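Each chain, written out:
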Amino acid sequence: MRRNLVLGGTLTALFALLALLSFVWTPHDVTALDIGGKLAPSSAEHWLGTDHFGRDMASMLMVGARISIAVALAAVGFGMALGVPLGLLAAARRGGLVDEVVMRGNDLVFAFPSLVIAILITAVFGPSVWNAILAIGIFNTPVFARVTRGAALSLWTLDYILAARVAGKGMLRISAEHILPNIANLLVVQATIQFAVGIIIEAGLSYVGLGAQPPTPSWGRMLAESQTMISFAPTLALYPGLAIVTMVLGLNLLGDGLRDALDPRMQRVRA
Amino acid sequence: MLTRLTSAAAVLALCAGGAFAQQTDITIGMVLEPPNLDPTGGAAAAIDEVVYANLFEGLTRFAPDGSVIPALAESWTISDDGLTYTFKLHDGVTFHDGTTMDAEDVKFSLDRARAADSTNAQKALFAGITDVTVIDPLTVQVTLGAPNGAFLFNMAWGDAVIVAPESVAQAATAPIGTGPFKFQDWVQGDRVELVAYENYWGEKPALTEATFKFIQDPTAAFGAMMAGDVDAFPNFPAPETLSQFDADPRFSVIVGSTEGETILAMNNKAPLLSDKRVREAISHAINRQDIIDGAMFGFGTPIGTHFAPHNPDYVDLTAQSAYDPDKAKALLAEAGAEGATLRLALPPPSYARRGGEIIAAQLRDVGLTVEITPLEWPQWLEQVFRGKDFDLTIVSHTEPADINIYARPDYYFQYDNADFRALIDELTLTTDPAKRTELNQQAQRMIADDYVNGYLFQLAKTGVANANIEGMWENSPTQANDLTGVRWTN
């Protein structure tokens, strides 16, 4: 029953490989315009045809994957770097003032619709890849803080933690040496899901023109630019749309698969 | 039973009659919403696109072919020295609030527009006026400081419409004019509604109601046309979809010319761009046909200077800045500007956003780095137009015969040339048509020789309308959606 894991892993790996490959090789230069050869259908030279500027769609999708993955990955990193320590701290000081402040701060961020605030941030600080990462990252923070705290809380009551406390280990050492390794599987699963959410928000920001700026291709902007041409050049919107769907689907399947594989309790149930 | 049948027949007949009665309301689509509705107090083209000839009228007006014809002034005489214009006004003209339009209103409007504290966006139109005198209620005399060959043309602009002193304060939100349509309602963010004015002095239009609906998104505009929510879109924002409308018998596609010189404006005071060689290099790096094909799907005429190609005085100077990347590279090397970085600010229209991507690619090909910043209109006006904080931008100058903007050193592209100013001063004073042609052509050559801006193409007017509508302007001699001659044919 590892179908989810295999399928999700394969799809994710495929996009990751295409993105990595785009650093060293793309079928065509994505910034090279060829107005005369615009809106060409699929051919041996242009596998997925060309867009309204005559750019190679396959190359643009490859570089677009790179941007999407980079932004989502960096935003997940941002969220984990900030959210996990906060969650560990809150769990260690459970019931105390620190716990209260961290968790109410979490609620505050959660209370705002993430995409709207992401649009606000990029609109105020100017559209760029970095601001997109920042905007998405901020909303990953409370997610990781909450997951971390919830999982850590249950561990703090266990005997081996008590033993560690009796042995004189401090709060920081226990969190780092005993709590974190035991909740890592949960965090990996959550990271996969946040990765998928990040891809969608990045596409959304690019779609409204607040993500990566031209000439850097991005899936969201490819969708936005092609929508007035959808009636006579549907593939221009179809390919980036399919790319987003497949990538997000792959990540979600991977997340499910990882959860099944990494969670010992669920394995026991199945056995 | 029989009575029932006859009444049913009567109902049917009524319905049929209703269906065949001529439609007299129209919904016009526009991309931009006007910031206010006072053409004498705002520069936005969208204001005139609602009110010009519909709600407000001036002494003269533009005909669909661009010629200047009488409007509120029935006739006029010009003194032999060209300094005194005596306008005879139409009798029986009333404003929409019922008050009479007379010579006092004309004097008020012109004096207001040329006053020192005037907020008129085109004050230069009135600069030559030294005095406005009321002779009698239907006669007004305008005295100029020097002869001005373009005075009647100037008076036809939307900025020169006649307003009444008692109602001008509310012109921004509930304008009162003399035109065939009066203001009904403005739902901000959505539409402006006009209705026919029953006491209009001239020939009454066929339409009784007109709604201007503002749809900025090209996809939404396409949908609104297809669904019939909008009857006509005189400046349709998505040229790529025109072929589809053309193939559909429900619609007619109207392609004409506009006064919109679309230029790659360069900040002539920016460190790099103050060097003429750099500007020349940029002009040679641009492939106009690629921009027209790529951004406008083939709609547009290449230009080599700031002048409309359909104007008889136009000189084709496109060859002077022909696409020549090697020459561009050589010029950049000569100016020591290889690999320089330039900022390119792009307002929302597709000619700018798409054209900007193409130009950025073309400039990259000659070794320049281009940073694209998309801006919304308010930001663009603030940062680029007023703040002059830009290197390059793309915009279409849609005012008619506006080469004189190059004589304004504080204008946003900051071209400062005393010779050019002298030339425009001379042009303003010249009334002889042959001499005006010569001066106009000299002016075109001068700005092309100085490579002030990159001259891209003349914006085409690409409109879509229900096939049953006739009388829409084919060309845009000024920014207007004149509905006075529009009618439904079904």
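Residues numbered from 1 in each chain as written. Chains lettered and ligands numbered in written order. Predicted model: local features only at pLDDT ≥ 70, side-chain atom pairs only at ≥ 80, totals over all residues.

### Here we look at the nonpolar core
Residues and elements named next belong to chain B. Leu-72, Phe-87, Val-142, Ala-210, Ala-232 and Val-464 are the most contacted members of the largest nonpolar core, which totals 77 residues. Residue contributions to this core peak at five residues, all from helix 2 (residues 45-51). Residues from two domains meet in this core; each of domain 1 (25-31 + 174-256 + 461-488) and domain 2 (57-109 + 120-164) gives at least three. Setting aside residues up to four positions removed in sequence, Ala-210 forms contacts with Ile-26, Ile-28, Asn-54, Phe-181, Leu-194 and Leu-483. (Core = buried A, V, L, I, M, F, W, Y, C linked by C-beta atoms within 7 Å. Buried ≥ 20, exposed ≤ 12 C-beta atoms within 10 Å, placed from the backbone. Helix = DSSP H or I, 4+ residues; strand = E, 2+ residues; numbered from the N terminus. Domains from an automatic or database assignment. Contact = placed C-beta atoms within 7 Å.)

### Thoughts on the interface of chain A and chain B
Contacts between the two partners involve 14 residues from chain A, matched on the other side by 17 residues from chain B. Split by residue class, the side of chain A that touches chain B holds seven nonpolar, six polar and one charged. (Nonpolar A, V, L, I, M, F, W, Y, C, P; charged D, E, K, R; others polar.)

### Overview of the sheet that holds strand 4 (residues 73-78) of chain B
Pairing between the strands of a sheet comes from backbone hydrogen bonds, and it takes one of two forms, parallel or antiparallel. Residues and elements named next belong to chain B. The strand order 4-5-7-6 describes an open sheet built from four strands, whose pairing is antiparallel. For this open sheet the edge positions go to strand 4 and strand 6 (129-136), each flanked by a neighbour on one side alone. Here the average twist between neighbouring strands, direction ignored, is 20°. In this structure, strand 4 lies alongside strand 5 (residues 84-89), joined through five bridges in antiparallel fashion. In the sheet register, Ser-75 faces strand 5, and the bridge partner there is Lys-88. (Pairing = 2+ DSSP bridges. Axes fitted to C-alpha atoms, helices over the stretch in contact; angles between N-to-C directions.)

### What to know about the confidence of the model for chain B
Residue and element names in this part refer to chain B. Summary statistics for chain B give a mean pLDDT of 90 and a share of 96% for residues scoring 70 or more. This stretch, residues 9-19, has a pLDDT under 50; its non-local contacts, to residues over four places away or in other chains, come to zero contacts. ipTM for the predicted complex: 0.75, alongside a pTM of 0.79. (pLDDT = per-residue confidence, 0-100.)

### Observations concerning the domain arrangement of chain B
Residue and element names in this part refer to chain B. With domains assigned, chain B is organised as domain 1 (25-31 + 174-256 + 461-488), domain 2 (57-109 + 120-164) and domain 3 (260-459). Here the C-alpha centre of domain 2 lies 28 Å away from the C-alpha centre of domain 1. With 14 residues of domain 1 at the interface, the matching set in domain 2 holds 19 residues. Within the side of domain 1 that touches domain 2, the residues separate by chemical class into five nonpolar, seven polar and two charged.

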